[in-house]
Amino acid sequence: MIQLDFLAVLTEWPALLRGAAFTLGLSAVAALLGLGLGVACGWARSNGPRWLASGVSAYVELIRNTPFIVQLFFIFFGLPSLGIKLTPEVASVIAMVVNLGAYAAEIVRAGIDNTPRGQVEAARSLALSELQVFTRVVLPPALGRVWPALVSQIVIVMLGSAVCGQISAQELSYAANLIQSRNFRAFEAYIVATAVYLALSVLVRWLLNWAGPRFVFGRLPAAGR
Amino acid sequence: MVDFSLWDIFRNLGLAARWTVGLSLLAFVGGGLVGLALLLARLAQWPGAQRGVAGYVQLFQGTPLLMQLFLAYFGLALLGINVSAWVAAGLALTLYSSAFLTEIWRGCVNAIPKGQWEAADSLALSFGEKLRHVVGPQALRIAVPPTVGFLVQVIKGTALASVIGFIELTKAGTMITNATFRPFTVYACVALMYFALCWPVSAASRKLERSFRRDR
């Protein structure tokens, strides 16, 4: 007979809470920096000089065709032999930023490429500088168009951060692992952690959908979409 | 200490890569079958299928694959089934793939104009005939590029099976690192091998998508 004892896990709620907060923190930093990197790479691929564009596409292809866990291990275990020593937390953030940056670059580029030509021409005819054209005219509606895809990608990266526990970054899956090593209730510990991840992914999705129009790209007139 | 040349590292990783390929194929084919069954249940509008499958998809897309692997590993053990990492990883990745594939394919079926269903209805075709002769062939054409694209996701997903002790490419990389103390070289080789596996698949998916767009 199977006997489940969730109470043994739930009494360790402070550890779970700390883990969840850590996961959220990691994801928030990675989302901010990753989006920045994604926008920069998206710009480079659609407007940048040719050498930069091809460099960026090599980066995007390399990241999109290798597993996150290998990228993480390479950064955490591999880089120290070049003299770059990183704490688990910093390595996790770097890996998440590099990973999100590559996916976001593709998404942002799709948004930029769909900008009607007339809008760019209109902006130029108003004597805006190229930088102004990009940051004021092209980028906001482009981000608005692809925001749902970016939100999904950020959620995917957050769920992917469960792997960071493997290099002992103290996030949610690490907390679950710690709990099950204390009370041997492995299945229950991971069920609870999985439920928390599910709640986090719903929460983050909701939060980003709410925050996007307010803080990232502004309210767009229907014609701008 | 054993001396490992670069060639030894590559050779051993290549041997381990066979397990990555095997597990990927198992999960992809198994996931495809389960995903197809779920899709059919949805299309046939079984009571509760709509909600049930939507919940299933949400569950697998909203939780980390790593947790799913742990749950399969410890859950099966709890049921008293003596599990090897093979079984647990195969099961978890199959379910994971089925959730994604059923959602991808549902999108493809939804992309078929409603008039096609109605025309098939007016010809008094049965549910099976409608699928086989009218909707299926059209949906299949749209479905090929994203399905091939998802295979890349599955291959990358198998890397997580290393965490529950399944010896594939990533796990072999860790083991070789422990023997050689050359993590930089070894993990670079591991990444290169994944790239060699995944990139052709990604490229094929893109090419299929372009040729499909041209045909329209």
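Before any of the text, the structure's been laid out above.
Residues numbered from 1 in each chain as written. Chains lettered and ligands numbered in written order. Predicted model: local features only at pLDDT ≥ 70, side-chain atom pairs only at ≥ 80, totals over all residues.

Engineer: In this structure, what is going on with the packing of helix α2 (residues 13–47) of chain A against helix α5 (residues 88–113) of chain A? I would like to understand it.
Structural biologist: All names here are of chain A. The interhelical angle for the contact between α2 and α5, taken along N-to-C directions, is 45°, at an axis separation of 6 Å. What the angle tells us is that α2 and α5 run oblique. Once α2 is placed against α5, the crossing between them reads as right-handed. Here the residues of the contact of α2 with α5 are counted per class, giving 17 nonpolar, six polar and three charged. (Axes fitted to C-alpha atoms, helices over the stretch in contact; angles between N-to-C directions. Helix = DSSP H or I, 4+ residues; strand = E, 2+ residues; numbered from the N terminus. Parallel < 35°, antiparallel > 145°, perpendicular 65-115°, else oblique. Left-handed = near helix turned anticlockwise from the far one by under 90°. Nonpolar A, V, L, I, M, F, W, Y, C, P; charged D, E, K, R; others polar.)

Engineer: Explanation requested: the interface of chain B and chain A in the structure shown.
Structural biologist: A common way to state how big an interface is: give the accessible area lost once the parts meet. Listed as interface residues are 29 residues of chain B and, on the opposing side, 31 residues of chain A. Secondary structure elements with two or more residues in the side of chain B that touches chain A: α3 (65–78), α6 (127–157), α7 (169–180) and α8 (183–215) of chain B. Here the side of chain B that touches chain A gets eleven residues from one element, more than from any other, and that element is α8(B). When grouped by side-chain class, the residues that make up the side of chain B that touches chain A number 22 nonpolar, six polar and one charged. (Contact = placed C-beta atoms within 7 Å.)

Engineer: Just to check I follow, could you spell out the packing of helix α6 (residues 117–125) of chain A against helix α7 (residues 130–160) of chain A for this structure?
Structural biologist: Each pair of packed helices can be summarised by the angle the axes make with each other and by the distance between the axes. All names here are of chain A. For the pair α6 and α7, interaxial distance at closest approach is 10 Å and the crossing angle is 135°. It follows from the interaxial angle that α6 and α7 lie oblique. When you trace α6 past α7, the crossing you get is right-handed. Contacts from Gln119, Val120, Ala123 and Arg124 in α6 reach Val133, Val137 and Val138 in α7. In terms of residue class, the contact of α6 with α7 is built from five nonpolar, one polar and one charged.

Engineer: Where do I start with the nonpolar core in this structure?
Structural biologist: Grouped burial of nonpolar side chains is what soluble globular proteins tend to show. Counting 126 residues, the largest nonpolar core has A:Leu72, A:Tyr190, B:Leu69 and B:Val190 as the members making the most contacts within it. Per-element tally for this core: the top contributor is α5(A), with 14 residues. Those residues within four positions of A:Leu72 in sequence are excluded, and the remaining contacts are A:Ala91, A:Ser92, A:Ala95, A:Val163, A:Cys164 and A:Ile167. (Core = buried A, V, L, I, M, F, W, Y, C linked by C-beta atoms within 7 Å. Buried ≥ 20, exposed ≤ 12 C-beta atoms within 10 Å, placed from the backbone.)

Engineer: For this particular structure, what's the right way to read the environment of B:Ile155?
Structural biologist: Residues and elements named next belong to chain B. Mapped onto the fold, Ile155 is located in helix α6. As for Ile155 and Leu101, which are separated by 54 residues in sequence, their C-alpha atoms are 14 Å apart. Sequence-distant contacts of Ile155, defined by excluding residues within four places in its chain, comprise Thr20, Ser24, Leu197 and Cys198.

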